Amino acid sequence: MTAISRIEELKAEALTALTEARSTAEVEQVRVRYLGRSAQLTEIKKNIRQLPQEERPVVGEAANLASRKIEEVLQSRLAELSTAEREARLRAEAVDVTLPGIPFPKGNMHPSQRVIDDVVDFFIGLGYRVAEGPEVETDYYNFTALNIPPGHPARGMQDTFFLDEGVVLRTHTSPVQVRTMLTHEPPVYVICPGRVYRRDSDPTHTPMFNQIEGLAVDKGLTLAHLKGTLTAMARHVFGEKVRLRLRPSYFQFTEPSVEQDVSCFLCDGKDPHCRICKGAGWLEMGGAGMVDPAVLEEVGYDPEVYTGFAFGMGPDRMAMVQYGVPDLRLFFEGDLRFLRQF
Amino acid sequence: MRVPLTWLKDYVDFDVPAGRLVELFSLHSQEVDGVYRLGVLDGEVVVGEVQEFERHPNAERLFVSKVDLGVEIVQIVAGASNLYPGARVPVVLPGSLLADGRKLKKARLRGLDSYGMMMSERELGISQSHEGILILEDSCEVGRPLTDYFPIGETVLDIDVMPNRPDLWGVIGVARELAAILRTDFRVPEPQFDTGGAPTGEYGLRVEVDELCPRYDLRRVSGLNPGTTAPIWMRRRIHAAGMRPVSGIVDATNYVMLETGQPIHAFDAQKVRGGIVVRRAHAGEQLTLLDGSVRTLDEQMLVIADEERGLVIAGVMGAEYAEVDGRTSDVLVEVATFSGRNILETSQKLGLRTDASGRFERGLDPNMVDYSLDRVSQFLTTLAAGRVALDTLSHNPHPVQPWDVPLRLKRAENLLGVAVREEEVAERLTSLGCRVQRESDHVVATVPTFRRDLTREVDLIEEVGRLIGLDRVPEELPAVTTVGGLSTEQQKVRLLRRVLVDIGLAEAVLYPFGPDRWADGLMLNPEDKRRRLARVKNPLSAEQTNLRSMLLPGLLDAAARNKAFSSHGGAFFEIGRVFAHNSIPQEMEEIALTYRLQGEKGLEDLHAASAEAPTGITNGVEGLENLTPFSGVEEALRVGAVMAGTVRPGGWNVPPFKAGFFDIKGIVERLVPRATFNPIQEPFLHPGRAAEVRVGDVNVGWVGELHPRAVENFTLEDWPVAAFELDLKLCDPDPTPHFREFVSVPAVMMDLALILDSRVPIGDILESADGLSPLLADIRIFDMYTGPQVPEGKKSVAFTLTFQGEQTLTDEEVKQELDKIISHLSARFGALVRGV
């Protein structure tokens, strides 16, 4: 057997072995057997000097070509197999993607706060600032400055918590309006969210609840501006289709005074069994009106120069309507079964 | 005010369904709380005469009667036993619909046919009485429809009268209002009666307190038939209007009150000694009232007395001495006006509110007296054959006259946002009872005295606006020239809330009211300033007496409620106010009280105020600063959180999460980035797992695990509880960023394990290492160990130090810095390098 034929034979063997190799490890074995230090092909190359001078280049070239060919096929086979092996490995790593992930649980913002932020943002967009004040108020700010002097029957409308002589838990956020007007010159555009207190407890009344009041005092403000503002707010909160209606009402600190109703955003008054409006067709949003001239005078504004409007609404009740909560008391009990729904 | 519609029709003609009436009233006047229906809603009731009345042969409690209905004689089975042959009774015919929803059918009761039903007063809507069948007067003709005598069904509007409209506390006032809304006429019956009874002047009248009693009229009606009952039509109206028919005389006074809004009181003249005296109560004077209660009066209260004893708490309720009874034949009728405020205060002090006091407290028109007195005189003559005295004793020292109020049309437009025409202004105001004169650009309305709420131009504008309809007002947006937005503080609070929610906590909003139990449950020392509570004088319950001085106890109670609902636990927070009582120094009391009642203006009058006001007292305008406001109550905004029980249940890939000190501390670190923490002793906190939170020198609050006893006191046994409570001022969940240069050369990380005395606070090590080397960019703890591998009383702490230089650091440079740090920590804390 000549060296050449031996080379060809080895090459053929190696290529067959590579074709038959089923893993990168087997390919590695082929490399060792045919290209390794003690491989026959390597032996042939090492011993090439022992060959007759004229055979040397021929055998040398044949051996090199064979090695190169084997190496080439080996590389391609290796790539092929390692890709397949990685794919197989990845397949083996498969997880049940329907299992839950590591939790980063969402917390819960109080439903009333959601409404408050929404309403406040709306009014910020209109150019209002947010005003706040103490929850423990004086008789003067909570009543007298709002045109409700001592002994006035309107005081009886608001069951008041008393702390001391002339000290109450505010029954509305209106004192914030007075404090704002006393410290600012018109134009005034403020929105006042806050907790208020009334001595009342049943399924629809809690001794504490949230209120949002707004106040605008400027030259030339009319009831039409109040109506337009409230309509825009109602559409922001309840959707573009709702309508607003005003009904006469009574508050000491506004004249004329009105109640604001918003048409039912769900049934628009068409469903007598509507779960939102209970068939009324309207949702009561709260009181409003033109700031009473007596209040303007009390804070040193000239009612012949400035007019203004004020309005109030109950974010808790709005949240009840928006989220379908049947009982106001749920809002203030810290019950996680309730809070976690928001 | 409950207004029966058939009554309303006495004064105003209308043909409007109840639903539309409700809408009209709501849109133009007062809210309507409800619509009630009484009696027979649909069907026929005829007068029948009982011919036979016997026990039902097959039923012990039933009776059977033959009733003549005029056209036929029918058999009716009844449950009532008060019938007899000859009795005239109302019979409702089959097919009729009753207010309680029953639809009547021919029936067989225990084997006998029964045609229709004989009716009780309650079934007819006359009274609550269901004792027996109503026996009609013999003048009722057999076979005639009962509606020929009085209505058999009634619709009642329950009007929610605003406090400024006492005129609507009578059906006449409501009729006037309805006529104004419908733009139609209304009429008032003219009272007519004959005089000639015993003179009123045999009794005296002395009003001692003008200011509490602007008007008092007294008129005698004598010769009354004792024990008269009011006719059915009157009783059913009284009943429909929500009152209880009592007796002829009392019903007549109540009827006129319901009609006019003017309360009326009748005394049995024979029981009045000497005459009527209107005076203040004596201190401690006691009266036994008609409801059987004994009331102790004070000198602020007004009493109607005779020369010897108090007879009535004026405007509220009568005592038993001089009340009319079944033998009364001679009455003194009181029609008076009292100070509304005084009646309100008396009623509140006594906790006694009646139909009369509810009307008086709103301040009645003294001119209502005349009509009401004549009207009740009329009824006493027609119902009980009384004879009215010719003379009336009257106290009316300052008669009230109508007043003029001008109204500029331009001003009306400026307020309403819609132009109004002079004619419509005049028409609307006239319909309310005003006399209107028209001038060039304005009108002058002469306001009737029963509209005491109409004193200013703006009051009239409101009336015009609501009557023409607020739907006429267009919708416009003002051109706002101010810039809106949240203040920095407000943004911070909002962000804080958002961060806590994003971390996974639930936001609670809790009542600030709490019981004494709270301070004890938290084991606060007697001198602890958090026991200096602001208290509610009139709490809803003893559990709600105090205003919270901390958010914690409310959150713990909420956690306990959740535990009671078999919750496994959770984490929640509240952002809310806490309160503390601070006594006003004695020398400041007058100033404080003046301020509370009169505001800054009151203080201007008290010139001394500004000079004497010690620092630390404020008018509370900012409200949230820690100064004692004149209210004597400080308040501050806090954020508090509680993580209790199993905050999060475990999953297939996570263990259950129960919060310990470092969990809750991590949240505080997130909220207060520059916070430092020092051990703290709070009675309600774990003595070894609680820290005071500071920023620089300022205390921001505390954080820690709860003391197991506090946990038990709040019935949270077996639950791990961690909490914090922070002042909001120094919370800064998103500090303003400042750019710092950074270099791109690689940093070098070195690990360093130190053996330290176990008492050495790691915080001190970190703080002390900070700044030791300009190259030290970061230091982090990656392991803590105590146990057999380190000597007792020692701990091993492993740090990763990151060094960063302007250029790539050499090993030599790093080694040098590390040695510097080690030698400092060794010197200061006795730290030994472990395992090097």
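Colleague: Honestly, the overall build of chain B in this entry has me stumped. Any pointers?
Modeller: When helices and strands are counted, chain B shows 21 helices and 42 strands. Radius of gyration (C-alpha) of chain B: 40 Å, far over the 28 Å computed for a compact globule of 836 residues. Seen along its three principal axes, the alpha-carbon backbone of chain B occupies a region of about 125 × 80 × 60 Å. Out of the 836 residues in chain B, the part that is buried amounts to 54%. Total accessible area on chain B is roughly 37,700 Å²; 49% of this is exposed by carbon and sulfur atoms. Charged side chains of chain B number 90 positive and 123 negative; the gap between the two group centres comes to 3 Å.

Colleague: How should the overall build of chain A be read in this particular structure?
Modeller: What chain A contains, in helices and strands, is 12 helices and 10 strands. Taken over C-alpha atoms, the radius of gyration comes to 43 Å for chain A, far larger than the 20 Å a tight globule of 342 residues would show. Looking at chain A as a whole, 56% of its 342 residues qualify as buried. Put simply, of all contacts in chain A between residues at least 6 apart along the chain, 66% involve residues at least 24 apart. As displayed, chain A offers around 14,900 Å² of accessible surface, 52% of which is attributable to carbon and sulfur atoms. Each charge sign in chain A was given a centre, from 39 positive and 48 negative side chains, and these centres are 10 Å apart.

Colleague: Explanation requested: the packing of helix α2 (residues 18-28) of chain B against helix α4 (residues 171-182) of chain B in the structure shown.
Modeller: When two helices pack together, their arrangement is given by the angle between their axes and by how far apart the axes lie. Residues and elements named next belong to chain B. Following both chains from N to C, one finds α2 and α4 inclined at 90°, their axes separated by 11 Å at the closest point. When the axes of α2 and α4 are compared, the pair comes out roughly perpendicular. Facing Leu21, Leu24, Phe25 and His28 of α2, the residues of α4 in contact are Val174, Glu177, Leu178, Ile181 and Leu182. Here the residues of the contact of α2 with α4 are counted per class, giving seven nonpolar, one polar and one charged.

Colleague: I keep staring at the confidence of the model for chain A and nothing clicks. Help me out?
Modeller: If pLDDT is low for a region, its predicted coordinates should not be looked at in detail. Residues at a pLDDT of 70 or more form 98% of chain A, whose mean pLDDT is 91. Here helix α7 (residues 154-157) of chain A stands out as the element of chain A with the lowest mean pLDDT, 67, in contrast to strand β6 (residues 208-218) of chain A, whose mean of 97 is the highest.

Colleague: What is the right way to read unusual backbone geometry from this model?
Modeller: Peptide bonds are mostly trans, and most non-glycine residues show a negative phi. Residue and element names in this part refer to chain A. At the junction of Pro186 and Pro187, the peptide bond is cis and its omega measures out at 5° in the coordinates. Summarising the element assignment, Pro187 is placed in the loop between α8 (174-183) and β5 (188-197). Here the amide bond leading from Glu255 into Pro256 is cis, since omega sits at -5°, within 30 degrees of zero. Structurally, Pro256 can be placed in strand β8 (residues 254-263).

Colleague: Please clarify how the interface of chain A and chain B should be interpreted in this entry.
Modeller: Often, the extent of an interface is quoted as the loss of accessible area upon association of its parts. Chain A puts 101 residues into the contact, and the matching count from chain B is 101 residues. For the pair chain A and chain B, the summed buried area comes to about 8,600 Å², and 57% of that belongs to carbon and sulfur atoms. Three residues, Arg195, Pro248 and Glu255 of chain A, lead the burial of chain A against chain B; their summed loss comes to 7% of the area buried on that side. Between Arg577 of chain B and Glu135 of chain A there is a salt bridge, with the nearest N and O atoms lying 3.9 Å from each other. The interface formed by chain A and chain B includes 44 residue pairs in polar contact (both at pLDDT 80 or more).

Colleague: Hey, could you run me through the sheet that holds strand β10 (residues 117-118) of chain B in this one?
Modeller: The strands making up a sheet associate through hydrogen bonds between their backbones, and the pairing can be parallel or antiparallel. Residue and element names in this part refer to chain B. Strand order in the open sheet formed by five strands is β5-β4-β3-β6-β10, with antiparallel pairing between adjacent strands. Edge positions in the sheet fall to β5 (73-78) and β10, since each has one partner strand and no second. Where strand β4 (residues 63-68) and β5 come together, six bridges link them in antiparallel fashion. For Asp68, the partnering residue across the bridge sits in β5 and is Ile73.

Colleague: When you look at the pattern of salt bridges in this model, what are you seeing that I'm missing?
Modeller: Should the charged atoms of two oppositely charged side chains come close, the side chains can pair. Inspection of every chain in the model, using the stated rule, returns 85 salt bridges over all chains. For Glu137 of chain A, the salt bridge goes to Arg179 of chain A, with nearest N and O atoms at 2.6 Å. Pair noted here: Glu137 of chain A is in strand β2 (residues 136-138) and Arg179 of chain A is in helix α8, with a separation of 42 residues, a long-range link. With a relative accessible area of 1%, Glu137 of chain A lands in the buried category. Across the pair Lys820 of chain B and Glu817 of chain B runs a salt bridge whose closest N-O atoms are separated by 3.2 Å.

Colleague: What is the right way to look at the environment of Asp10 of chain B in this model?
Modeller: Residues and elements named next belong to chain B. Residue position: Asp10 is located in the loop between α1 (5-8) and α2. Under the relative-accessibility criterion, Asp10 is labelled partly exposed at 35%. When the C-alpha positions of Asp10 and Cys731 are compared, they lie 69 Å apart, and in sequence the two are 721 residues distant. Look past the residues within four positions of Asp10 in its chain and what remains in contact with it is Arg187 and Arg237.

Colleague: Help me understand helix α5 (residues 111-126) of chain A, please; the structure alone is not making it clear to me.
Modeller: Working note: α-helix, 3.6 residues per turn, so residues spaced by three or four point in the same direction. Residues and elements named next belong to chain A. Here α5 contains 16 residues, and its C-alpha end-to-end distance of 23 Å stays within 8% of the 22 Å for a straight helix at 1.5 Å per residue. By the burial criterion, the buried members of α5 are Pro111, Ser112, Gln113, Val115, Ile116, Asp117, Val119, Val120, Phe122, Phe123 and Ile124. Trailing α5 by a residue or two, Gly127 shows a phi angle of about 105°, which is positive.

Colleague: What am I meant to see in the pairing of β6 of chain A here?
Modeller: Residues and elements named next belong to chain A. Within β6, 11 of the 11 residues are buried, leaving the element largely enclosed by the surrounding structure. Because side chains alternate across β6, one face comprises the buried residues Met208, Asn210, Ile212, Gly214, Ala216 and Asp218, and the other comprises Phe209, Gln211, Glu213, Leu215 and Val217, equally buried. Bridge analysis of β5 against β6 gives 10 bridges, and the strand direction is antiparallel. Bridge pairing links Arg195 to Asn210 in β6. Sheet topology note: the β6/strand β10 (residues 307-313) ladder contains seven bridges and is antiparallel. Opposite Ala216, over in β10, you have Phe309 as the bridge partner.

Colleague: For this particular structure, what's the right way to read the environment of Phe238 of chain A?
Modeller: Residue and element names in this part refer to chain A. Mapped onto the elements of the fold, Phe238 is located in helix α9 (residues 223-238). Counting along the chain gives 26 residues from Phe238 to Cys264, while the straight-line C-alpha distance between them is 8.7 Å. Apart from the residues lying within four places of it in its own chain, the contact partners of Phe238 are Val262, Phe265, Met285, Met318, Val321 and Gln322.

Colleague: I tried to follow the side chain of Arg411 of chain B on my own but got confused; where do I start?
Modeller: For Arg411 of chain B, the location among the structural elements is in helix α10 (residues 409-416). Put simply, Arg411 of chain B is tucked away with no salt bridge, and the nearest opposite charge, on Glu457 of chain B, sits 4.1 Å away. Polar contacts involving the side chain of Arg411 of chain B include one to the main-chain carbonyl oxygen of Pro303 of chain A, which spans 3.1 Å. Setting aside its immediate chain neighbours within four residues, Arg411 of chain B contacts Pro303, Glu304 and Thr307 of chain A together with Glu457 and Ile461 of chain B.

Colleague: Got a minute to help me understand the sheet that holds strand β12 (residues 195-197) of chain B in this structure?
Modeller: Residues and elements named next belong to chain B. Taken together, five strands build an open sheet; the order of strands is β12-β23-β14-β22-β15 and the sheet is mixed. Only two strands of the sheet have a single partner each, and these edge strands are β12 and β15 (264-268). Taking each pair of neighbouring strands and ignoring which way they run, the sheet shows an average axis angle of 40°. Lying over the sheet, helix α9 (residues 368-384) contacts β14 (215-222), β15, β22 (331-337) and β23 (387-395), oriented at roughly 155° with respect to β22.

The rules we used
Residues numbered from 1 in each chain as written. Chains lettered and ligands numbered in written order. Predicted model: local features only at pLDDT ≥ 70, side-chain atom pairs only at ≥ 80, totals over all residues. Heavy atoms only, no water. Helix = DSSP H or I, 4+ residues; strand = E, 2+ residues; numbered from the N terminus. Rg over C-alpha atoms; globule rule 2.2 N^0.38 Å. Buried < 20%, exposed > 50% of the residue type's maximum accessible area, 1.4 Å probe, protein only. Areas by Shrake-Rupley, 256 points an atom, 1.4 Å probe, with all protein chains shown as cover. Lys, Arg positive; Asp, Glu negative; His and termini not counted. Charge placed at Lys NZ, Arg CZ, Asp CG, Glu CD. Contact = heavy atoms within 4.5 Å. Axes fitted to C-alpha atoms, helices over the stretch in contact; angles between N-to-C directions. Parallel < 35°, antiparallel > 145°, perpendicular 65-115°, else oblique. Nonpolar A, V, L, I, M, F, W, Y, C, P; charged D, E, K, R; others polar. pLDDT = per-residue confidence, 0-100. Buried area = accessible area lost by both parts, 1.4 Å probe. Salt bridge = Lys/Arg side-chain N within 4 Å of Asp/Glu carboxyl O. Polar contact = N/O pair within 3.5 Å; in protein donor to acceptor, adjacent residues only side chain to side chain. Pairing = 2+ DSSP bridges. Expected span 1.5 Å × (residues − 1).

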